[in-house]
Amino acid sequence: MKKNRIWMLVGLLAIGGAIVTLAAGGLSDNMVFFLTPTELGARTPEIYGSAIRLGGQVKPGSVDWDPETSKLEFVITEGDAEIDVESTGAPPAMFADGLGVVVEGTYGKDHVFHSTNVMVKHSNEYEPPHDGTDPKETFKSLIQGGS
Amino acid sequence: MLSSLGYGFVIAALIGAAIMCAAGFRAGLSHSGTGVTAAVARRASYFAFFAMTAAMAVMEVALVTHDFSVEYVSRVGSLETPTYYSAISLWSSLDGSILFWGWILAGYGALFALTRRREWDARSGTTVSRAGGLAEGLRMTPVVTAVIGTVGLFFFGLLVGPANPFGLVDPAPVNGPGPNPLLQNHPLMGLHPPMLYFGFVGMTVPFAFAIAGLLTGNVEARWLRDARRWTIAAWAFLSMGIIGGGWWSYEVLGWGGAWAWDPVENASFLPWLTATAFLHSAMVQERRGMLKTWNLTLMISTFLLVLFGTFLTRSGIIDSVHAFSEVAIGPLFFGFIALVMIVSLGLIGWRSNRLHAPGQIEGAVSRESAFIVNNLLLVGFTFTVLLGTMFPLIIEAIRGDRISVGAPYFDMVASPIGLALLFLMGIDPALPWRRASGEKIRKAFQIGVGLAILAAALAFAFGIRRVYPILTIAAAAFVMTTIAEEFAKGVRARRRISGGSAARALADLFVRNGRRYGGYVVHTGVVVVALAISVSWTWKSEREGTLHAGERMTIGDYEIEFVEVWARQEPQRLVVGSTFKAYRDGRPIGEEQPRMNFYPASQQPVATPAVNSSLTSDLYLTLMSFDQDEGAYATVRAIVNPGMVWLWIGGMIVGIGALIAIWPRGVGRVRTAGDELLAATASAVTALPASVGDAGPAGDSGELAASVVAPVSEDGDP
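Basis of the calculations
Residues numbered from 1 in each chain as written. Chains lettered and ligands numbered in written order. Predicted model: local features only at pLDDT ≥ 70, side-chain atom pairs only at ≥ 80, totals over all residues. Helix = DSSP H or I, 4+ residues; strand = E, 2+ residues; numbered from the N terminus. Buried ≥ 20, exposed ≤ 12 C-beta atoms within 10 Å, placed from the backbone. Contact = placed C-beta atoms within 7 Å. Expected span 1.5 Å × (residues − 1). Arc of directions from axis to C-beta. Axes fitted to C-alpha atoms, helices over the stretch in contact; angles between N-to-C directions. Parallel < 35°, antiparallel > 145°, perpendicular 65-115°, else oblique. Left-handed = near helix turned anticlockwise from the far one by under 90°. Pairing = 2+ DSSP bridges. Nonpolar A, V, L, I, M, F, W, Y, C, P; charged D, E, K, R; others polar. Core = buried A, V, L, I, M, F, W, Y, C linked by C-beta atoms within 7 Å. pLDDT = per-residue confidence, 0-100.

1. Observations concerning the overall build of chain B
- Along the backbone of chain B there are 22 helices and 11 strands.
- For chain B, the proportion of its 718 residues judged to be buried stands at 55%.
- Within chain B, contacts between residues separated by at least 24 positions form 73% of all contacts whose residues are at least 6 apart in sequence.

In structure tokens:
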């Protein structure tokens, strides 16, 4: 009886230990830093190669999207800080100048952010449209000429 | 007008909850408690439910008729929103969802009171004990009602105070912004949120049992069976809500998957894990009298995780720890969680002398030890998911760094734990209680292990080279063998006793012992879900391309041809769509129209992917961008998801199994009659198969036969 309980205990501790080890290792390997362009600039060079989510605005006029090669280049800004971003794959729906975006990827020694995923910032809670825009008009103008 | 009417009903519900508390605690805990006081608590729960139903109805009328003088409507309604989405926008924002929470809570309170109505009638003096107060066996029910009332006080209090949806807006605006675009983009939004809420709130009932048991000092297994049944009901809602949420996210979010380990998703998964653990460990206490403290802890933790999940998703803390105090209910929720935790721990400490277990583990390999391993894995799973969800908040609070924990972390921890749990599903039901001999173990598992190895070999032969899918397929074969063997054993036993066809015997198993065999159906559903996840993950293929009219793109067995881009103005939104002709193996399978929807309230469009489902695989198209000048080309992401439909089918099988397991029969009816003598007889009868089963190593088949025969027994656990 005693021996059984000891074996049970050893088994349970082993399982528990394995789970904790797994969790601890998994966490340190999968931590993604959430940074703004300014913070990213301040953290070089130690940030090179780490997984980063970079959030900011698309600099107006910087977007270069080639639908034939699926190559996307643009600049993310925040105040004075600017970061060049490169990505493959189509931009998210209606990706546009001045839009708040989050890109996932790594920042390299070449000072280009290599993104694997471009996301448009969206909030779970409702946000009213900003003053001075009439979204309906915006969207209509967007597809003017569309079939 | 509607504003003050609705507010009045909420206040009435608050009063009802207060009476539930006062009368319930007095009836169950005080020496002066009588059947009459208990009846007051019972009626108060009906009253609270009617009041909340009326409040809900008022809100629905306001939403559907667009009465913008009601504050909640002015925030989530708009004249252009179709009626269906207006009606379901009840749960599209904070205050409305708290109202919905409160209504369901009141509903559970009333339903609980209703199932116990006979027990509460003060017909004779026998209901009063000699020491004064209600007789021992009658004290639980009013106290459970009182605890539900206490939770009601908190939620109705929120509605009266900081989360009042019925505020008056004067002058009323002419129109409102409409609900969050994501939440009005697909009809499925009407399905999974109510399911999740029914599941979440339903966990209040087992929690109330736990607290009432501690308060009255009644920690025996008798009420545990009832608490487990309520848990199964809530658990089934939660399971289908989680799967339904995955389905919604698949049909709406456009990234081609159903689960992203998003904090909101994790919030629904955490209480599911601890509730699942409780469903298994409760059986150990019923049978062997062990794990009393553990079971109480699981019931209470599940409820705490429900509160935590609601807090996490509703307080804004996910976005940042600093957003927490900006929403008024954040600190209140935090305080309530802390209060529940402190009171529960205090009660467990206070009653620790009664919580000592008489039984103990006898064999290292037995059903109870397998259940304990299952529990450890489930709680470990809970811990890792909770850690991953909370870690960014902890780091932000300590170091100020904003980080996130990626989905790979969750995949990495979930895969081995999930796989181990899957294998255990094939082991647990085949093991006898107390101890198993080596010979018996060999006999129980030889076919299963053989088929598992065969399945793994087949998977390898079909070209699967990844470890987890191969192991999942092996585990599935193993579990299904065990379940098939259990059914075969049951059918044989029934036919020996009453003859008849095998089909008749099978139906009999469900009718007479739904709890056990319904459980196996649930396990089957879980296996289907696990296989679907594994298969879709292994063979998923994805391709993106920009197509001009008439151009084609191939992906897997499928081919798509771009036809045109079009636009359509709908009352609440502007839709830009694209038409693709889809082919599978060269044969046309119809036109697919992935779209983008532009809502006035949102700066960005919300994509609606087009999904062509079949039993073998789904073709999933998302419109990524289009030529804004002439509509000459469109960029589309095409994903082929094999076996995706089985995820939803598996979820439904889980729901059906749970329904079989809790379908009222035998003992349940005796219980609600409330007659102490009858109930005692019934529990003696249910104890019978247990004692047969406990007779020794040879008792296994006897236990099975008894559980199959016993007419009023719900016993015999999967």
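Back to the text.
2. Structural notes on the overall build of chain A
- Looking only at helices and strands, chain A features three helices and seven strands.
- Reading the helices (α) and strands (β) of chain A from amino to carboxyl end gives α-β-α-β-β-β-β-β-β-α.
- Sorting the 147 residues of chain A into buried and exposed places 21% on the buried side.
- Across chain A, contacts joining residues at least 24 apart in sequence account for 44% of those joining residues at least 6 apart.

3. With respect to helix H12 (residues 329-350) of chain B
Residue and element names in this part refer to chain B.
- Taking 1.5 Å of rise per residue, the 22 residues of H12 would be expected to cover 32 Å, and the 31 Å separating its terminal C-alpha atoms lies within 8% of that figure.
- Every buried residue of H12 is accounted for by Ile 329, Phe 333 and Ser 344. Buried residues along H12 cover an arc of 40 degrees about the axis, so they all sit on one side. Along H12, exposed side chains directed more than 90 degrees from the buried face belong to Gly 335, Ala 338, Leu 339, Ile 342, Leu 345, Gly 346, Gly 349 and Trp 350.
- Close packing links the buried residues of H12 with helix H6 (140-160), helix H8 (204-216) and helix H11 (292-314).

4. Some thoughts on the environment of Thr389(B)
All names here are of chain B.
- With respect to the element layout, Thr 389 can be found in helix H13 (residues 367-399).
- Note: C-alpha distance between Thr 389 and Pro 263 (126 residues apart in sequence) is 5.9 Å.
- Beyond its immediate sequence surroundings of up to four residues, Thr 389 is in contact with Pro 263 and Asn 266.

5. Brief notes about unusual backbone geometry
- The peptide bond linking Asp170(B) to Pro171(B) adopts the cis configuration, its omega dihedral lying at 0 degrees.
- Although it is not a glycine, His111(A) sits at a positive phi angle of roughly 60 degrees.
- Mapped onto the secondary structure, His111(A) falls in the loop between strand S6 (100-107) and strand S7 (112-120).
- Positive phi, normally seen in glycine, also occurs at His66(B), with a value near 55 degrees.
- Secondary-structure assignment places His66(B) in the loop between helix H2 (35-64) and helix H3 (71-76).

6. Concerning the packing of helix H7 (residues 192-202) of chain B against helix H9 (residues 222-252) of chain B
Residue and element names in this part refer to chain B.
- Closest axis-to-axis distance for the H7/H9 pair is 7 Å, and the angle between their directions is 150 degrees. Taken together, the axes of H7 and H9 lie roughly antiparallel to each other. Judged by the sense of rotation from one axis to the other, the crossing of H7 with H9 is left-handed. Here H7 contributes His 192, Met 195, Leu 196, Phe 198, Gly 199, Phe 200 and Gly 202 to the contact with H9, which in turn contributes Trp 230, Ala 233, Ala 234, Trp 235, Phe 237, Leu 238, Met 240, Gly 241, Gly 244, Gly 245 and Trp 248.

7. With respect to the sheet that holds strand S9 (residues 610-612) of chain B
Residue and element names in this part refer to chain B.
- On the basis of which strands lie adjacent, the open sheet formed by four strands has the order S2-S11-S10-S9 and antiparallel pairing. Looking at which strands have only one partner, the edges of the open sheet turn out to be strand S2 (541-548) and S9. Across this sheet, the average inter-strand angle for adjacent strands is 20 degrees, counted without regard to direction.
- Sheet topology places strand S10 (residues 617-626) next to strand S11 (residues 633-642); nine bridges connect them, and they run antiparallel. Its bridge partner lying in S11, Leu 619 is registered against Val 640.

8. So, the packing of helix H5 (residues 94-115) of chain B against H7(B)
Residue and element names in this part refer to chain B.
- At a minimum axis separation of 9 Å, H5 and H7 run at an interaxial angle of 55 degrees. The angle between H5 and H7 falls in the class oblique. H5 and H7 meet at a crossing whose hand is right-handed. Residues Phe 100, Trp 101, Ile 104, Leu 105 and Tyr 108 of H5 touch H7, and the partners they reach there are Tyr 197, Phe 198, Val 201 and Gly 202.
- Taken together, the residues of the contact of H5 with H7 break down into eight nonpolar, one polar and no charged.

9. Details of the nonpolar core
- In this structure, Ala13(B), Ala55(B) and Met299(B) are the most contacted members of the largest nonpolar core, which totals 214 residues.
- The element that contributes the greatest number of residues to this core is H9(B), accounting for 17 residues.
- Non-local contacts of Ala13(B), meaning those with residues more than four positions away in its chain, are made with Ala48(B), Ala51(B), Met52(B), Ala55(B), Gly102(B), Ala106(B) and Phe156(B).
- Core analysis: the next-biggest nonpolar cluster, separate from the first, contains 17 residues, Leu72(A), Ile76(A), Val85(A) and Val101(A) among them.

10. Remarks on the pairing of strand S7 (residues 595-598) of chain B
Residue and element names in this part refer to chain B.
- Side-chain alternation along S7 places Arg 595 and Asn 597 on one buried face and Met 596 and Phe 598 on a second face that is also buried.
- Judged from the four bridges that link them, strand S5 (residues 574-584) and S7 form a sheet pairing that is antiparallel. Across the sheet, Val 575 pairs through a bridge with Asn 597, a residue of S7.
- Here S7 pairs with strand S8 (residues 606-608) via three bridges, running antiparallel. When the bridges of S8 are listed, Arg 595 appears paired with Thr 608.

11. Section: the interface of chain A and chain B
- The partner chain B presents 52 residues to the 41 residues of chain A that form the contact.
- Elements with a minimum of two residues in the side of chain A that touches chain B: helix H1 (2-29), strand S1 (31-35) and helix H3 (135-142) of chain A.
- No other element matches the 12 residues that H1(A) contributes to the side of chain A that touches chain B.
- Here the side of chain A that touches chain B is built from residues that sort into 27 nonpolar, 10 polar and four charged.
- For S1(A) and strand S1 (residues 403-405) of chain B, the ladder comprises three bridges, and the chain directions are antiparallel.

12. Thoughts on the confidence of the model for chain B
Residue and element names in this part refer to chain B.
- When pLDDT is averaged along chain B, the result is 86, and 89% of the positions lie at 70 or above.
- Mean pLDDT across the elements of chain B ranges from a minimum in helix H22 (residues 699-709), with 39, to a maximum in H6, with 96.
- Under a pLDDT of 50 for its full length, residues 667-718 has, in the predicted model, 85 contacts with residues more than four places off or in other chains.
- Model confidence for the complex is summarised by a pTM of 0.87, with the ipTM given as 0.73.

13. A closer look at the pairing of S10(B)
All names here are of chain B.
- Where burial is concerned, most of S10 is hidden: nine out of the 10 residues are buried.
- In this antiparallel pair of consecutive strands, S9 and S10, the connection spans four residues.
- Counted between consecutive antiparallel strands, the loop separating S10 from S11 contains six residues, among which Gly 631 sits at a positive phi close to 65 degrees.

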